[in-house]
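Summary of structural features
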Amino acid sequence: MVVLVSGSGTNLQALLDAVEAGGVEGYGARIVAVGADRAGIEGLARAERAGIPTFVRRVPEYASRAEWDLALTEATAAYEPDLVVSAGFMKIVGQEFLARFGGRLINTHPALLPSFPGAHGVRDALAYGAKVTGCTVHFVDEGVDTGPVIAQGVVEILDEDHNDGGAALHERIKEVERRLLVDVVGRLSRDGYRIEGRKVRLRDE
Ligand code: GAR
């Protein structure tokens, strides 16, 4: 798989650790490259420490969003991944990327979709006054966080979560999210899957 990141990369680290612990045979997948939309982030440093190739494609370096999308597509395709994992990648990919990787591009989102899509899933759930939130691993389609759901994890919102703008809540979500993502990627890779409309079927379902 190729993993795309924009920040701290703790979800990437969980995948790196799972591959390391299980081996490619045991876990079912390995990371062939890590891509980012910005330089100097911990996510890239994690990849470099693990000896995994990295690439950066920054939107401002291209004349248009479509040109950036094409560059990201080509950089990713160079590694011939079977699966692409958007793990804290804070950009919406475009038509070119979807045409190339649709049906094998997954994203992890810090809310229970279809509630609270977009870039502020944690903050939006808190502001709404929701009592539970969580995380969703889903296939990516043309919409923003609208693709078929693969798995979700639930996290309770506590009264004190309103005191720090959601930082502690996001950390609790990320603990659940990392386990969920590792589990989903392993199962998709080992067992195979098919997407039937909005239903994602793993081999044992
Ligand atoms: C994760 O919680 C992920 O769901 C979220 O960014 C965090 C990345 O953490 N993504 C989004 O909000 C996408 N809309 P990490 O860099 O430590 O893996």
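Our structure's up above, just so we're on the same page.
Read on for a plain summary of the structure. (Residues numbered from 1 in each chain as written. Predicted model: local features only at pLDDT ≥ 70, side-chain atom pairs only at ≥ 80, totals over all residues. Heavy atoms only, no water.)

Some thoughts on the pattern of salt bridges
Within the structure shown, the criterion is met by nine salt bridges. Two residues, Glu42 and Arg49, come together in a salt bridge whose shortest N-O distance is 2.7 Å. The exposure class of Arg49 is exposed, given its relative accessible area of 58%. Note that Arg58 and Glu61 form a salt bridge whose closest N and O atoms lie 2.7 Å from each other. One network of salt bridges, with partners in common, ties together Asp37, Arg38 and Lys91. (Salt bridge = Lys/Arg side-chain N within 4 Å of Asp/Glu carboxyl O. Buried < 20%, exposed > 50% of the residue type's maximum accessible area, 1.4 Å probe, protein only.)

Thoughts on unusual backbone geometry
The omega torsion of the bond from Leu113 to Pro114 falls at 15°, within 30 degrees of zero and hence cis. Considering the arrangement of structural elements, one finds Pro114 in the loop between strand 5 (105-109) and helix 5 (121-128). For Phe116, which is not glycine, the phi dihedral falls at a positive 55°. For Phe116, the position within the fold is in the loop between strand 5 and helix 5. Despite not being glycine, Asp145 has its phi angle at roughly 60°, a positive value. Residue classification places Asp145 among the buried positions, given a relative accessible area of 15%. (Helix = DSSP H or I, 4+ residues; strand = E, 2+ residues; numbered from the N terminus.)

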